[in-house]
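Listed below are the residues making up each chain.
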2 protein chains.
Amino acid sequence: MNIGIVGLGLMGGSIAMALKEKHTVFAYDRSPENSQYGLDHLLINEVCPDVARLGEKADIVYLCLYPEAISPFIKSNQKYFHPNTILIDISGTKSRLVSDLSPLIRDDLDLIFTHPIAGKEKTGVRFADKQIFTNQNYVIVPTPKNQSDHLSLVEQLALDMGFKTISYLSADEHDEIIAFTSQLCHVLALALMEAAPKKYPLKKFVGDSFRDLTRVALINTPLWQELFLDNKANLINQIDTLVNALEKYRKAIKNHDRVKLVDMMEKAKYLRLQMEKEVTR
Amino acid sequence: MNIGIVGLGLMGGSIAMALKEKHTVFAYDRSPENSQYGLDHLLINEVCPDVARLGEKADIVYLCLYPEAISPFIKSNQKYFHPNTILIDISGTKSRLVSDLSPLIRDDLDLIFTHPIAGKEKTGVRFADKQIFTNQNYVIVPTPKNQSDHLSLVEQLALDMGFKTISYLSADEHDEIIAFTSQLCHVLALALMEAAPKKYPLKKFVGDSFRDLTRVALINTPLWQELFLDNKANLINQIDTLVNALEKYRKAIKNHDRVKLVDMMEKAKYLRLQMEKEVTR
């Protein structure tokens, strides 16, 4: 199939790289250097100088843009896509996007909201790597307008990329659980760096636990501030839930309540073990 | 040299494995199966059936016991060590241990407090792996009684094991910074599991950020509850500092304060980048 990529950054580049094995990949990026890099490094088959050219060639288009750029992009550019083009959103939040975009989108285009739960603490096409998708989770947030054969196709493409598990959620469900598994983890890594004692050279006193917990503090700020704000209500709830859990540990430790502490630790370990068992990587 | 290991678990086994290349390693464990495993898998040169035999053979003894077991062990068993034996503590907390043990220890033994900042989310000698030490941090907490040539020897042994950076701290300094870089990270991983929404099958909606943040929730509960309680005051302070940092993020997100949010994110990222730059792994 002819696959289009709009926005050739870390995600767009990685999707291109993953799909190019079986498909023909066309890319448009507002920065010509990114597209040229993609061509030079065999991530894509053809650079499109504008959206018109991409719209002409592609049957399925991945919109690899920051969440706040998607509605403006659709408004200005949907005229360039031929009828029956499948447009695939890959943003990390959904509720606002679905409600903003559903009334906008042309009736003869099928816009499918998805979330490939994968990434890297690096920014830009130079770090594109199809391995980031291997055995990972993919979520589809269907709308009533989506055609079922198109949804099946999007599933197949996710499997082609290497994803292992594909789930369907409503936009609200997606944003609730992802606020916890994704956005909260990033806030936490950042907050840990903020909380670091300034009087010690941190690097001399950290182990792998601290390195792992703060890896995602090497953040793409422009992207993630949008995701945090876009999913504000859920994220605030999850911060509150985490703070409550921390306060429970604080209390058990302060009271030297060994029984309570051990009980909480064993329950948390059990939950993590359950998760581990069913995830292969 | 003749190295003794008291307690052949994950840490004792890994130290044995790392030092056996250059030294002769004797081990005592109250469970004969652990020692036998060590012998069968070439982690050690000789099993000692009791501490008396270990004390006879070893010049340097690593005490690979849980923190609360160390004082009782020293009280009951220090009579078995020959004069000038170097005993090396490897616990993850220091202040209480130093004050409990300093008055107890025989004058002709040199007890050196150290913290190899390394480990694994696994328990027991079967998971022993000398690689866990490669390029990691090692802290020595010297006491006025320690002989400088013995401290140099302990440094050399840490380098032999693969550690990269060796630092000296007072017991109070150690416990303050380690409460942050180690114990807080473990509480956090546990609290995250505690906070997980129960209505979704977590495994389908997590990515690497969540997996990395909660890896250490696969915890050795008996060990870590001791470490948490042993370093109670510092750990509570660090939980409070982290909660404050989370509240700052919560506030900026709630107020949709993009300028503040981006500023905090960039500062956190900068700190993490600085740490990354100076740590090779």
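Quick caveat, the model's predicted, so the values are computed rather than measured.

### Thoughts on the relation of the copies chain A and chain B
- If you rotate chain A by 180° and push it 0.0 Å along the axis, it lands on chain B with an RMSD of 0.0 Å. What the superposition gives is, in effect, a two-fold axis relating one chain to the other. Minimal C-alpha separation from the rotation axis in chain A is found for A:Leu213, amounting to 2.3 Å.

### Here we look at the sheet that holds strand 8 (residues 165–168) of chain B
All names here are of chain B.
- The 8 strands are arranged 3-2-1-4-5-6-7-8 in an open sheet whose pairing can be described as mixed. The open sheet has two edge strands, strand 3 (46–47) and strand 8, and neither has a second partner.
- When strand 7 (residues 137–141) meets strand 8, the two strands line up parallel, connected through 4 bridges. When the sheet's bridge partners are listed, Asn137 is paired in strand 8 with Thr165.

### Some points on helix 6 (residues 148–161) of chain B
Residue and element names in this part refer to chain B.
- Relative to the 20 Å expected for 14 residues at 1.5 Å per residue, helix 6 spans 20 Å between its end C-alpha atoms, a close match to the ideal helical length.
- Those residues of helix 6 that sit buried are Val154, Leu157, Ala158 and Met161. One side of helix 6 carries all its buried residues, which in axial view fall inside an arc of 100°. Exposed and oriented more than 90 degrees from the buried face of helix 6 are Ser148, Asp149 and Ser152.
- In the core, the buried residues of helix 6 are packed alongside helix 1 (10–19), strand 5 (86–89), strand 6 (110–117), strand 7 and strand 8.
- Following helix 6 by one or two positions, Gly162 has its phi on the positive side, about 115°.

### Examining the packing of helix 7 (residues 171–195) of chain B against helix 10 (residues 232–254) of chain B
Residue and element names in this part refer to chain B.
- With their axes 9 Å apart at the nearest point, helix 7 and helix 10 run at an angle of 65° to one another. For the element pair helix 7 / helix 10, the angle class is roughly perpendicular. Considering only the axes of helix 7 and helix 10, their crossing is right-handed. Residues Asp175, Glu176, Ala179, Phe180, Gln183, Leu184 and Val187 of helix 7 touch helix 10, and the partners they reach there are Asn234, Leu235, Gln238, Ile239 and Leu242.
- For the contact of helix 7 with helix 10, the per-class residue count stands at 7 nonpolar, 3 polar and 2 charged.

### So, the environment of A:Ala58
All names here are of chain A.
- Note that Ala58 resides in the loop between helix 3 (51–57) and strand 4 (60–63).
- Owing to 26 C-beta atoms within 10 Å, Ala58 belongs among the buried residues under this scheme.
- Considering only alpha carbons, one finds Ala58 and Leu159, 101 residues apart in sequence, at a separation of 20 Å.
- Setting aside residues no more than four positions away along its own chain, Ala58 makes contact with Asn2, Ile3, Gly4, Phe26 and Thr85.

### Regarding the interface of chain A and chain B
- Residue-level contacts link 78 residues of chain A with 78 residues of chain B.
- Among the elements that take part in the side of chain A that touches chain B, helix 7 (residues 171–195) of chain A stands out by supplying 16 residues, more than any other.
- Looking at the side of chain A that touches chain B, its residues break down into 47 nonpolar, 15 polar and 16 charged.

### Section: the domain arrangement of chain A
All names here are of chain A.
- As far as domains go, chain A holds domain 1 (2–169) and domain 2 (174–278).
- Using only C-alpha atoms to locate each centre, domain 1 and domain 2 end up separated by 30 Å.
- Between domain 1 and domain 2, the residue contacts involve 15 residues of the former and 14 residues of the latter.
- Residues of the side of domain 1 that touches domain 2, tallied by class, amount to 6 nonpolar, 5 polar and 4 charged.

### Some points on the sheet that holds strand 8 (residues 165–168) of chain A
Residues and elements named next belong to chain A.
- Sheet architecture is open: 8 strands sit in the order 3-2-1-4-5-6-7-8, paired in mixed fashion. The open sheet has two free edges, formed respectively by strand 3 (46–47) and strand 8, since each of these has just one partner strand.
- The sheet contact formed by strand 1 (residues 2–6) and strand 2 (residues 24–28) spans 5 bridges and is parallel. Paired with Gly4 across the two strands is Phe26, which belongs to strand 2.

### Some words on the environment of B:Leu42
- Looking at the secondary structure, you find B:Leu42 in the loop between helix 2 (32–40) and strand 3.
- Using a count of 11 C-beta atoms within 10 Å as the deciding quantity, one classes B:Leu42 as exposed.

### Concerning the nonpolar core
- Membership of the largest hydrophobic core comes to 190 residues, with the highest contact counts inside it found for A:Ile5, A:Leu190, B:Ile5 and B:Leu190.
- Ignoring sequence-local partners within four residues, the contact set of B:Ile5 consists of B:Gly12, B:Ile15, B:Ala16, B:Val25, B:Ala27, B:Ile44, B:Tyr62 and B:Cys64.

### Points about the confidence of the model for chain A
- Across chain A, pLDDT averages 95, with 99% of residues at or above 70.
- Two summary scores accompany this predicted model of the complex, namely pTM at 0.92 and ipTM at 0.92.

### Observations regarding the pairing of strand 5 (residues 86–89) of chain A
Residue and element names in this part refer to chain A.
- By the alternation rule, side chains of strand 5 split into Ile86 and Ile88 and Leu87 and Asp89, which are all buried.
- Here strand 4 pairs with strand 5 via 4 bridges, running parallel. Each residue of the ladder has a partner; that of Val61, found in strand 5, is Leu87.
- In this region the chain leaves strand 4, passes through helix 4 (residues 67–77) and returns to the parallel neighbour strand 5; the handedness of that crossover is right-handed.
- In the sheet, strand 5 pairs with strand 6 (residues 110–117) via 4 bridges, with the strands oriented parallel. Bridging from a neighbouring strand, Ile86 pairs with Asp110 of strand 6.
- Each parallel crossover has a hand, and the one from strand 5 via helix 5 (residues 95–101) to strand 6 is right-handed.

### Some details on the environment of B:Glu226
All names here are of chain B.
- Tracing the chain through its elements places Glu226 in helix 9 (residues 221–230).
- A C-alpha to C-alpha distance of 22 Å links Glu226 and Tyr28, two positions 198 residues apart in sequence.
- When sequence neighbours within four positions are dropped, the list of residues in contact with Glu226 reads Tyr66, Pro67 and Glu68.

### Quick notes on unusual backbone geometry
Residue and element names in this part refer to chain A.
- Even without being a glycine, Asn84 presents a positive backbone phi close to 75°.
- Looking at where Asn84 falls in the secondary structure, it is placed in the loop between helix 4 and strand 5.
- The class of Asn84 is exposed, set by 11 C-beta atoms lying within 10 Å.
- For Asn135, which is not a glycine, the phi torsion comes out positive at approximately 65°.
- Residue placement: Asn135 occurs in the loop between strand 6 and strand 7 (137–141).

Reading the values: the criteria
Residues numbered from 1 in each chain as written. Chains lettered and ligands numbered in written order. Predicted model: local features only at pLDDT ≥ 70, side-chain atom pairs only at ≥ 80, totals over all residues. Least-squares fit on C-alpha atoms with pLDDT ≥ 70 in both. Pairing = 2+ DSSP bridges. Helix = DSSP H or I, 4+ residues; strand = E, 2+ residues; numbered from the N terminus. Expected span 1.5 Å × (residues − 1). Buried ≥ 20, exposed ≤ 12 C-beta atoms within 10 Å, placed from the backbone. Arc of directions from axis to C-beta. Contact = placed C-beta atoms within 7 Å. Axes fitted to C-alpha atoms, helices over the stretch in contact; angles between N-to-C directions. Parallel < 35°, antiparallel > 145°, perpendicular 65-115°, else oblique. Left-handed = near helix turned anticlockwise from the far one by under 90°. Nonpolar A, V, L, I, M, F, W, Y, C, P; charged D, E, K, R; others polar. Domains from an automatic or database assignment. Core = buried A, V, L, I, M, F, W, Y, C linked by C-beta atoms within 7 Å. pLDDT = per-residue confidence, 0-100. Right-handed = clockwise from strand over helix to strand, strands pointing away.

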